[in-house]
Amino acid sequence: MLAKRIIPCLDVHRGRVVKGVKFLNLKDAGDPVELASFYNKEFADELVFLDITASHEARNIMIDVVRRTSEQVFIPFTVGGGIRTLEDIKLMLEGGADKVSLNSAAVKNPELVRESSRKFGSQCIVVAVDAKKIAGSERWEVYINGGRIPTGLDVIEWVKKVKELGAGEILLTSMDTDGTKDGYDIPLTKAVTEAVNLPVIASGGAGNLQHLVDVIKEADADAVLAASIFHYGEYSIIQAKEFLKNNGISVRS
Amino acid sequence: MIAIINYGMGNLRSVQKAIEKVGGETIITSDPEVIRKADKVVLPGVGAFFDAIENLKSNNLVEVIKETIDSGKPFLGICLGLHLLFTESEEDGLHKGLDILKGRVVRFSDEVKVPHMGWNQIEIKNDNLILENIPDNSYFYFVHSYYPVPEDKDVIATTTDYGMEFASSVSRDNIFATQFHPEKSSDLGLKILKNFVSKL
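Remember, it's a predicted structure, so these values are computed and weren't measured experimentally.

A. Just the state of the cysteines, in detail. By the definition in use, this model includes zero disulfides over all chains. Cys124(A) provides the cysteine sulfur closest to Cys9(A), a residue in no disulfide bond, and the two sulfurs are 19 Å apart. Distance from the sulfur of Cys79(B), which forms no disulfide, to the nearest cysteine sulfur (Cys124(A)) is 12 Å. Note on Cys79(B): relative accessible area 6%, which makes it buried.

Okay, structure coming up:
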């Protein structure tokens, strides 16, 4: 059986992990490579690095992080944040990233999704979608620039379009549940998994392990992304997998 | 020395680093002479089948791959490197492969999510040295939309279930090829590479 994936997300600023990982007995909990290595030992299925520096000179710092990670950690990882051009994508993939995630750039220039998936293969092009519910409806709107700018795009129409353009996976973040710790956005996630025949990573709102189970069982998410519940040591990945397994979900252990 | 064939299909760095991690000496090369001199050869790759076969031809790599396989040197294909060994592939129209193994590479049906992405289990059908100390039902990392259907079922080393059972690795004599990515499959993936480096 294909296992459901648990993916810790690391926010990286100028080559350092922020929203620090406080519980771990690491020499340097701000070092993305050391954390990646720790999570690999914990049976994390993949990793996401989100570069929140968003300045041009930061790119080279991120490429260095990518290089060092790929030399030491032998599980797949995705890099997102500030990737705008084919050249950006090429540099990350050559550095050793397995996938890149495109967010604002995909909205501003949908051809980037088509061109990059043709050039590098759909398997490495993740489209990240930040979604917010339109009040009083059962519809969601796509936001860009870190959730600051509404685009007028309907989330369901958008994910169908990026699939046609060649995206290989959707990283779906609910702006309504993100940071609440009240659980993932199940109606949103369900609407997306029903609309497209692509793997979908649910993100935003994990506060406990039951939330992981709920979004997998009720919304058919293929993977769950989480940050704080793992970084602050509330739960280990191993515990999370045990919990999923006890709830009849197949996981790699 | 282990030659990792570079034919412009995807990044080979992860494969190289993983083999080095388990003690293999590697060289990434597209030079047929370097490949001829190597003790073992790896054919990795991600991307489209047709581009890949065209790149192998234009870099004069087809002959040396066939020679390597005939010579009995250990040969490891990964993902697209497995697909290329087969007679033909349905990816973007029907295209001829290297025809070293008889069979066709076909697409998953739309009843499952495509690509098949993530960690899935292997069931061992034909044990061999490269699978030594790999427990049955172990998880490996997959990412692909097409899979091989060998004519000769005896070449199937492992199968994996994704809506149906498919050949997730094949082996024959000195050839071993995986649909999954050992270089991305954590400790068990490294063990497979270590077997390739030290047992063959």
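That was the structure; now back to the text.
B. Inspection of the interface of chain A and chain B at higher detail. Across the contact, 34 residues belong to chain A and 28 residues belong to chain B. Of all residues in chain A, Leu2(A), Phe74(A) and Asn197(A) bury the most surface against chain B, accounting for 29% of the area lost on that side. For the pair chain A and chain B, the interface holds four salt bridges. Residue Lys184(B) pairs with Asp98(A) through a salt bridge whose shortest N-O separation is 2.9 Å. Of the residues belonging to the side of chain A that touches chain B, the class tally is twelve nonpolar, ten polar and twelve charged.

C. Spotlight on unusual backbone geometry. Each neighbour pair has its own omega, and for Val114(B) with Pro115(B) the value is 5°, a cis peptide bond. Among the structural elements, Pro115(B) can be located in the loop between strand E7 (101–107) and strand E8 (116–121). Positive phi, close to 50°, is recorded for Arg14(A), a residue that is not glycine. Along the chain, Arg14(A) turns up in the loop between strand E1 (5–13) and strand E2 (16–17). Backbone geometry at Cys79(B) places phi at a positive 60°, although glycine is not the residue there. Secondary-structure assignment places Cys79(B) in the loop between strand E4 (75–78) and helix H5 (80–83).

D. Representation of the pattern of salt bridges within the structure. Residues and elements named next belong to chain A. The full count for this structure, using the stated rule, is 33 salt bridges over all chains. In this structure, aspartate 45 and lysine 241 form a salt bridge, with 2.8 Å as the shortest nitrogen-oxygen distance. One end of the pair, aspartate 45, is in the loop between helix H1 (32–41) and strand E3 (47–51); the other, lysine 241, is in helix H10 (residues 237–246), with 196 residues separating them in the sequence. Here aspartate 45 matches lysine 241 in class, with each residue buried.

E. Summary view of helix H7 (residues 186–195) of chain A. Residues and elements named next belong to chain A. Within H7, the full set of buried residues consists of Ile186, Leu188, Thr189, Val192 and Thr193. Viewed along the axis of H7, the buried residues span an arc of 160°, placing them on a single side of the element. Buried residues along H7 sit in contact with strand E6 (125–133), strand E7 (140–144), helix H6 (155–165), strand E9 (169–174), strand E10 (200–203) and helix H8 (209–219). The N-capping residue of H7, defined by a side-chain oxygen 3.2 Å from the backbone nitrogen of leucine 188, is aspartate 185.

About the thresholds
Residue positions are counted from 1 within each chain, in the order its sequence is given. To read the labels, note that chains go from A and ligands from 1, taken in the order they are written. Restriction of local features to residues with pLDDT of at least 70 applies here, the model being predicted, together with a cutoff of 80 or more for giving and counting side-chain atom pairs; totals for whole chains, interfaces and linings are based on all residues. Calculated side-chain values reflect all of the structure's heavy atoms, with hydrogen atoms and water omitted. Cysteine sulfur atoms are paired as a disulfide whenever they fall within 2.5 Å. For every residue, the accessible area (1.4 Å probe, protein chains only) is compared with the maximum for its type, and the residue is labelled buried under 20%, exposed over 50%, or partly exposed between those bounds. Whether two residues are in contact is decided by their heavy atoms, any of which lying within 4.5 Å being enough. Two parts placed together each lose some accessible area under a 1.4 Å probe, and adding up what both lose gives the buried area. By convention in these notes, a salt bridge is any Lys or Arg side-chain nitrogen within 4 Å of a carboxyl oxygen on Asp or Glu. When residue character is reported, Ala, Val, Leu, Ile, Met, Phe, Trp, Tyr, Cys and Pro are called nonpolar, Asp, Glu, Lys and Arg charged, and the others, Gly included, polar. Only runs of H or I of at least four residues qualify as helices and only runs of E of at least two qualify as strands under DSSP, and these elements are numbered from the N terminus. The arc in question is the one spanned by the directions pointing from the helix axis to the C-beta atoms. Identification of polar contacts relies on pairs of N or O atoms within 3.5 Å, with a donor-acceptor requirement for protein atoms, meaning one able to donate a hydrogen and the other able to accept it, and with residues adjacent in sequence counted only if both atoms are side-chain atoms.

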